[in-house]
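Per-entry structural report
Each chain, letter by letter, is given below.
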Amino acid sequence: GSMVRLPNKRSDPGYYDTVVNPIDIMKIQQKLKTDEYDTMEDLKADFELMVSNTKLYYKRGSPEYRDAQELENLLGKAVGSVMAGEDPSQTLGDREDSDLGEFLEELFGAIMTAADSTEPSRLLNIVFQLLPSRKRYPEYYEHISDPMDLKTVAEKIQKGEYKEIPELEKDLQLIFSNARSFNEPGSQIYKDAGVLSKLAKSRTADCVASLVARQARGSRSSRRQSRQVYSQGIAALQYEDSESESDEDSDLEDMDGSTDPMWKLYSAVRNFTTERGVEIAEVFLSLPSKRELPDYYQTITQPISLNQIRRKIRNGEYPTLQHLGEDLEIMFNNCKTYNRQDSKLWKDGNKLQKFFNTKLEELLEGGDEISAPATPAPAPEKMDVEVKKSSPKDPKDQLKKKLKILFNSIYHWANSDGIQPIGVFLEIPSRK
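Here goes a summary of the coordinates provided. (Residues numbered from 1 in each chain as written. Predicted model: local features only at pLDDT ≥ 70, side-chain atom pairs only at ≥ 80, totals over all residues. Heavy atoms only, no water.)

**Description of the overall build of the chain**
Helix and strand counts for the chain come out as 18 helices and zero strands. Of all 432 residues assigned to the chain, the portion counted as buried reaches 43%. At a minimum sequence separation of 6, the contacts of the chain that also span at least 24 residues come to 72%. Total accessible area on the chain is roughly 24000 Å²; 49% of this is exposed by carbon and sulfur atoms. (Helix = DSSP H or I, 4+ residues; strand = E, 2+ residues; numbered from the N terminus. Buried < 20%, exposed > 50% of the residue type's maximum accessible area, 1.4 Å probe, protein only. Contact = heavy atoms within 4.5 Å. Areas by Shrake-Rupley, 256 points an atom, 1.4 Å probe, with all protein chains shown as cover.)

Structural data, given as structure tokens:
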């Protein structure tokens, strides 16, 4: 039918008399494959030519003319989406999907903008954006059977996986119930989860009611068009291991033989093993990622790690062994302040702290010089590590990628009736 192919020369002999520069989707696809487009504007111009040819030849009100109008509207949105770095297949949808997407973003946006009522500059969503590190908090994954975070929710919104608003609310409530299950009642994260849970419930009811009302009216509202879309940015967040302050732990063997009491104490803590031969100090080498655990830095006023302590010993910043001991004590107390008493981290920190205190007493009783500055451990010859920097991506490759994304978004798009308006542009009428 007319939706699939243009009629041939016999049925419409005047096509080539009216259309001076004929073009169809197959020609555009061929030009893409042979890299004939130098800019996004060139590809857009060919799509626009294809649309204008159709509108020029077919009568206003005909199915072909309407298809051309629909494609013309789609083209503008698709180009804008690609230029903004978005995936048009996610941002272009039929009317119904678009309405649903708007309200999903509205609900997600409500969570993203919720702030502490007593401290408006503190957003409540930050700690729920990314799941904690499995390496640093293995007990979280032992305790929580169905982990969920805002990044995963945002990815599902972007991929169009939510078919109704309550499905989104279910995942949001899972995030907040997990937080309340794992954290102590009365803790800040427990309270924030409670506030967001109530907010998600009330805003879901509002969004469902508004969506039903809009669908009943059969009209679009422009009220939400200017609202900020939050899911794209959150979906793009990357999971991080703990922030690496610097990998200074590689030459630790050089201090094992050192007679300096500071290096003896540091080395003993760093290399401590449990009765089962398990090293438990590794997690204290670096501080938690600020993105992964932002509330750590709100709770802990003097964050410090073994790598920082090691650097201070090397730089001679501790006047006495007791000064070194004070920093180690702060590190272990930070761990016990932030983590729950039944957590593996709290127990490991407590065990290391007891061992450290015993070792410190031994060194002090042994008559080691305690007032002399530590002599830096012999530094091994440092090898230059070639850091492979990723070269900037070839602009031509970037353009080709964007052109293909634009082409595919137009080529595969279907309206709410399952009709692909591109069908009418698949082939130029035969001259035969």
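**Some thoughts on the packing of aromatic side chains**
In the structure shown here, the tally under the stated rule is eleven aromatic pairs. Judged by centre distance (6.3 Å) and plane angle (35°), the rings of Phe-47 and Phe-407 are tilted. Pair noted here: Phe-47 is in helix H3 (residues 40-57) and Phe-407 is in helix H18 (residues 395-412), with a separation of 360 residues, a long-range link. The same class applies to Phe-47 as to Phe-407, namely buried. A ring pair is formed by Phe-272 and Phe-355, whose centres lie 4.6 Å apart and whose planes are at 40°; its orientation type is tilted. Note that Phe-272 is positioned in the loop between helix H13 (261-270) and helix H14 (296-299) and Phe-355 in helix H17 (residues 344-365), a separation of 83 residues in sequence. By relative accessible area, which is 14% here, Phe-272 ends up buried. What links up through ring pairs into an aromatic cluster is the set Tyr-140, Tyr-141 and Phe-182. (Phe/Tyr/Trp six-rings, centres within 6.5 Å; stacked < 30°, edge-to-face > 60°.)

**So, the packing of helix H2 (residues 25-33) against H3**
Taken N-terminus to C-terminus, the directions of H2 and H3 make an angle of 170°; their axes are 10 Å apart at the nearest point. Viewed along their axes, H2 and H3 adopt a mutual orientation that is roughly antiparallel. In contact with Ile-25, Ile-28 and Lys-31 of H2, H3 contributes Leu-43, Asp-46, Phe-47 and Met-50. Of the residues in the contact of H2 with H3, the class split is five nonpolar, no polar and two charged. (Axes fitted to C-alpha atoms, helices over the stretch in contact; angles between N-to-C directions. Parallel < 35°, antiparallel > 145°, perpendicular 65-115°, else oblique. Nonpolar A, V, L, I, M, F, W, Y, C, P; charged D, E, K, R; others polar.)

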